[in-house]
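A closer look at the structure
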Amino acid sequence: MIWNEKIETMDREAVRAIQLERLRETMKRAYRVPFYKERMDKIGMKPEDFKTFEDLQKMPFTVKTDLRDHYPYGLFAEPMENIVRIHASSGTTGKPIVAGYTRNDLENWAECIARLITAAGARRSDIAQISFGYGLFTGALGLHYGLEKIGAAVVPISSGNTERQINLMRDFGSTVLVATPSYAMHMAEVAERMGAMKDIKLRVGLFGAEASTEEMRAKLEEKWGIIATENYGLTEVMGPGVAGECECKKGMHINEDHFFCEIINPETGEVLPEGEQGEMVITTLTKEGMPMIRYRTRDITRLITEKCACGRTSLRMEKCKGRSDDMLIIRGVNVFPSQIESVLLGIKEIGPHYEIEVDRENYMDKIEVKVELIESSLLDNFAELENLRRSIMARLRVVCQLDIPVKLVSPNTLKRFEGKAKRVVDRRKD
């Protein structure tokens with residue numbers, strides 16, 4: 001099923017025409033913002049001079065520190081009387097990222113979500129349990145209004161109190177789950193302990209807010225008996241709704257009439273040809289409250305140009321391999337946490353919860369992975385335990401090209417997360 005067939009199956013030339021038209025309007029709007037006006041003036045261009053996407057490449061990138069430097073409203077293109085919603089990031093590493101929305105922004109946001117959740121298999125007849133935390137975080141309310149737009153019944157339970165979540169999921173007959181992959185995995189463990197799985201009616205998982213691997217998807221589908229799909233977005237450009245998977249699960253369809261995406265070399269800033277892997281850069285095309293011009297997401301992915309079997313013609317983005325600023329450099333070797341996860345989740349004796357610890361000793365980087373066993377009885381057999389540990393290390397060596405020590409711990413000893421999982425503890429910064 002396709003929510004907006006006219007837009008989602010449009011031919012490529014028509015998509016480009018809409019993008020160019022909306023880009024020109026966006027540059028006019030951005031010129032109201034002193035930050036962007038100064039940048040356009042510096043390169044000697046006015047909004048009407050942006051006639052091609054090559055012209056857009058003359059603009060410098062916008063980065064996260066730009067938003068923090070203009071906290072809270074310095075990048076808004078509309079007066080506060082036209083702003084009807086404010087969202088923000090947690091601000092755990094500095095001033096929070098603030099985003100402002102006009103009424104049209106909220107309507108466009110709901111439309112973007114409606115397309116993506118319909119592509120993932122959500123329907124008007126569904127009962128959707130939203131287990132994202134409600135508040136300034138964009139995830140919960142973003143999915144909430146999109147689900148209501150397609151006519152689904154929404155259960156705005158938020159995150160936490162997991163046993164109650166499972167009880168209501170069973171009693172209400174929830175068929176769609178919205179959560180982070182890590183919290184959905186934790187919920188599955190709790191449901192199994194409660195003996196509730198046989199009464200659960202979930203059929204679709206709409207997961208996001210953190211990167212996950214194909215191995216994590218497989219675990220979630222096995223545990224819940226669902227179709228698990230991923231969606232993508234970030235507060236700086238809107239929230240969830242930038243892209244999302246259809247039931248084919250061959251990449252996330254981008255809402256191209258609302259977002260123009262580039263892939264760049266994260267080290268040089270050079271725009272790469274379609275199909276090459278690099279860092280995603282996004283320009284908003286319809287955002288009124290706070291337009292973003294060439295925002296560096298730091299997410300590593302590539303764009304897929306082949307037509308999808310679902311019939312949609314939009315560009316797709318691959319699952320993010322990781323973030324350019326999350327990549328660990330250990331003794332000169334580049335390691336993404338997602339590489340480690342892909343190895344761990346393929347081993348049946350260990351669970352899906354893990355922790356990566358990085359430190360420095362005698363001026364040398366060191367790394368260790370802690371992972372839970374499925375059965376505590378394995379702790380009683382040293383030889384079997386050591387064979388498992390060595391086997392995991394050998395697989396990590398093949399994938400990461402690095403010797404990574406592994407520590408096997410008892411079940412249910414590592415921290416669980418209700419929101420975004422924090423898998424890496426990097427003490428080198430201390």
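Overview of the structure. Note that the coordinates shown come from a computational prediction; the quantities given were computed from them, not determined experimentally. (Residues numbered from 1 in each chain as written. Predicted model: local features only at pLDDT ≥ 70, side-chain atom pairs only at ≥ 80, totals over all residues. Heavy atoms only, no water.)

So, about helix 6 (residues 103-120). Taking 1.5 Å per residue, 18 residues should reach 26 Å; helix 6 reaches 26 Å between its end C-alpha atoms and fits that length. With 14 of 18 residues buried, helix 6 is to be regarded as a mostly interior element. Backbone geometry just after helix 6 places Gly121 at a positive phi near 115°. (Helix = DSSP H or I, 4+ residues; strand = E, 2+ residues; numbered from the N terminus. Expected span 1.5 Å × (residues − 1). Buried < 20%, exposed > 50% of the residue type's maximum accessible area, 1.4 Å probe, protein only.)

This part covers the sheet that holds strand 19 (residues 364-373). Spatially, 20-19-18-21 is the arrangement adopted by the 4 strands of the open sheet, whose pairing is mixed. Looking at the sheet topology across the chains shown, the edges are occupied by strand 20 (406-409) and strand 21 (424-426). The mean inter-strand angle of the sheet, taken between neighbouring strand axes irrespective of direction, is 20°. Sheet topology note: the strand 18 (residues 350-361)/strand 21 ladder contains 3 bridges and is parallel. Along strand 21, the bridge assignment pairs Ile356 with Val424. (Pairing = 2+ DSSP bridges. Axes fitted to C-alpha atoms, helices over the stretch in contact; angles between N-to-C directions.)

With their axes 8 Å apart at the nearest point, helix 6 and helix 7 (residues 138-150) run at an angle of 75° to one another. Taken as axis vectors, helix 6 and helix 7 run roughly perpendicular relative to one another. Of the residues in helix 7, those in contact with Trp109, Ala110, Glu111, Ile113, Ala114, Ile117 and Thr118 of helix 6 are Thr138, Gly142, Leu143, Tyr145, Gly146, Leu147, Lys149 and Ile150. In terms of residue class, the contact of helix 6 with helix 7 is built from 9 nonpolar, 4 polar and 2 charged. (Parallel < 35°, antiparallel > 145°, perpendicular 65-115°, else oblique. Contact = heavy atoms within 4.5 Å. Nonpolar A, V, L, I, M, F, W, Y, C, P; charged D, E, K, R; others polar.)

Residues of helix 3 (residues 34-42) that are buried include every one of Phe35, Tyr36, Arg39 and Met40, and no others. The buried residues of helix 3 occupy one face: seen down the axis, they fall within an arc of 125°. Among the exposed residues of helix 3, those pointing more than 90 degrees away from its buried face are Pro34, Glu38 and Lys42. Looking one or two residues past helix 3, Gly44 carries a phi angle of roughly 70°, positive in sign. (Arc of directions from axis to C-beta.)

Let us look at the nonpolar core. In terms of nonpolar packing, the biggest core is built from 69 residues, with Tyr36, Leu143, Leu147, Leu206, Tyr232, Ile282 and Met317 touching the most fellow members. The biggest single contributor to this core is helix 6, with 7 residues. Once residues within four sequence positions are removed from consideration, Met317 is found in contact with Tyr232, Ala243, Gly251, Met252, Ile254, Met280, Thr301, Arg302 and Leu303. Judged by nonpolar contacts, the second largest core, of 26 residues, contains Ile367, Val369, Leu373 and Val424. (Core = buried A, V, L, I, M, F, W, Y, C linked by side-chain atoms within 4.5 Å.)

A few words on the packing of aromatic side chains. Enumeration according to the criterion identifies 5 aromatic pairs in this entry. Judged by centre distance (5.4 Å) and plane angle (90°), the rings of Phe132 and Phe137 are edge-to-face. A residue is classified by how much of its surface remains accessible, and Phe137, at 29% relative accessible area, is partly exposed. Note that Lys287 overlies the ring of Tyr101, its terminal NZ or CZ placed 4.5 Å from the centroid. Arg296 extends its terminal NZ or CZ atom over the ring of Phe61, reaching a point 5.5 Å from the ring centre. (Phe/Tyr/Trp six-rings, centres within 6.5 Å; stacked < 30°, edge-to-face > 60°. Lys NZ or Arg CZ within 6 Å of the ring centre and 35° of its normal.)

This part takes up the environment of Val424. Relative to the helices and strands, Val424 is located in strand 21. Distance in space between the C-alpha atoms of Val424 and Lys149 is 37 Å, their sequence separation being 275 residues. If we skip the residues at most four places from it in the chain, Val424 touches Leu328, Pro337 and Ile356.

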